Amino acid sequence: MKLRRDGDHWLLVGGPVPPGADAITVGSLISIRRAAADDPHLLRHEAVHARQWRQLGFFRFLTRYLGAYFRWRLRGYGHWAAYRRIPLEVEAEWTARQP
């Protein structure tokens, strides 16, 4: 594993990542698979999450993120469909796609 500072957050290359994901952000730490560490789009996406954590704080971020996910699941959406509808994910993806 390799830990390095990357702007306003930390990047842990080769750190723990949930199954099916290439990266996860918790607070100011982005943990990313080695195979995905050079993906600029993914790094921009996760950097947005680091900013969201900083702006919202631990409790508000988790409440908004998990609350939205479970609301979509309760409406009958599968895991990936619910995940893609989380407003914090939509913002991160939209921002990452900007030039």
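Going by the structure above, here's the rest.
Calculation rules
- Residues numbered from 1 in each chain as written.
- Predicted model: local features only at pLDDT ≥ 70, side-chain atom pairs only at ≥ 80, totals over all residues.
- Heavy atoms only, no water.
- Helix = DSSP H or I, 4+ residues; strand = E, 2+ residues; numbered from the N terminus.
- Rg over C-alpha atoms; globule rule 2.2 N^0.38 Å.
- Buried < 20%, exposed > 50% of the residue type's maximum accessible area, 1.4 Å probe, protein only.
- Contact = heavy atoms within 4.5 Å.
- Areas by Shrake-Rupley, 256 points an atom, 1.4 Å probe, with all protein chains shown as cover.
- Polar contact = N/O pair within 3.5 Å; in protein donor to acceptor, adjacent residues only side chain to side chain.
- Patch = residues over 30% accessible without salt bridge, like charges linked within 9 Å, V, L, I, M, F, W, Y side chains within 5 Å.
- Salt bridge = Lys/Arg side-chain N within 4 Å of Asp/Glu carboxyl O.
- Pairing = 2+ DSSP bridges.
- Axes fitted to C-alpha atoms, helices over the stretch in contact; angles between N-to-C directions.

Examining the overall build of the chain
Stage number 1. Looking only at helices and strands, the chain features three helices and four strands.
Stage number 2. Secondary structure elements in the chain, listed N-terminal to C-terminal, are β-β-β-β-α-α-α.
Stage number 3. Relative to its length of 99 residues, the chain is compact, with a C-alpha radius of gyration of 13 Å against a globular reference of 13 Å.
Stage number 4. Projected onto its principal axes, the C-alpha coordinates of the chain cover approximately 40 × 30 × 25 Å.
Stage number 5. Among the 99 residues that make up the chain, the fraction classed as buried is 34%.
Stage number 6. Intrachain contacts of the chain at a sequence separation of at least 6 include 30% that bridge at least 24 residues.
Stage number 7. Accessible area of the chain: about 6,300 Å², with a carbon and sulfur share of 61%.

Let's talk about the side chain of threonine 25
Stage number 1. One can find threonine 25 in strand β3 (residues 23-26).
Stage number 2. A distance of 2.5 Å separates polar atoms of two side chains, one belonging to threonine 25 and the other to glutamate 46.

Considerations on a nonpolar patch on the surface
Stage number 1. A surface patch of nonpolar side chains, about 270 Å² in accessible area, is lined by Leu3, Trp10 and Leu29.
Stage number 2. Since its relative accessible area comes to 52%, leucine 3 is described here as exposed.

Observations regarding the sheet that holds strand β2 (residues 9-13)
Stage number 1. On the basis of which strands lie adjacent, the open sheet formed by four strands has the order β1-β2-β4-β3 and mixed pairing. A single partner strand is all that each edge strand has here, and the edge strands are β1 (2-6) and β3. Within the sheet, the average angular offset between the axes of one strand and its neighbour, ignoring direction, is 20 degrees.
Stage number 2. Two elements, β1 and β2, share five bridges in a ladder whose sense is antiparallel. From the neighbouring strand, lysine 2 faces β2, where its bridge partner is valine 13.

Take it as geometry only, folks, not as evidence of what the structure does.
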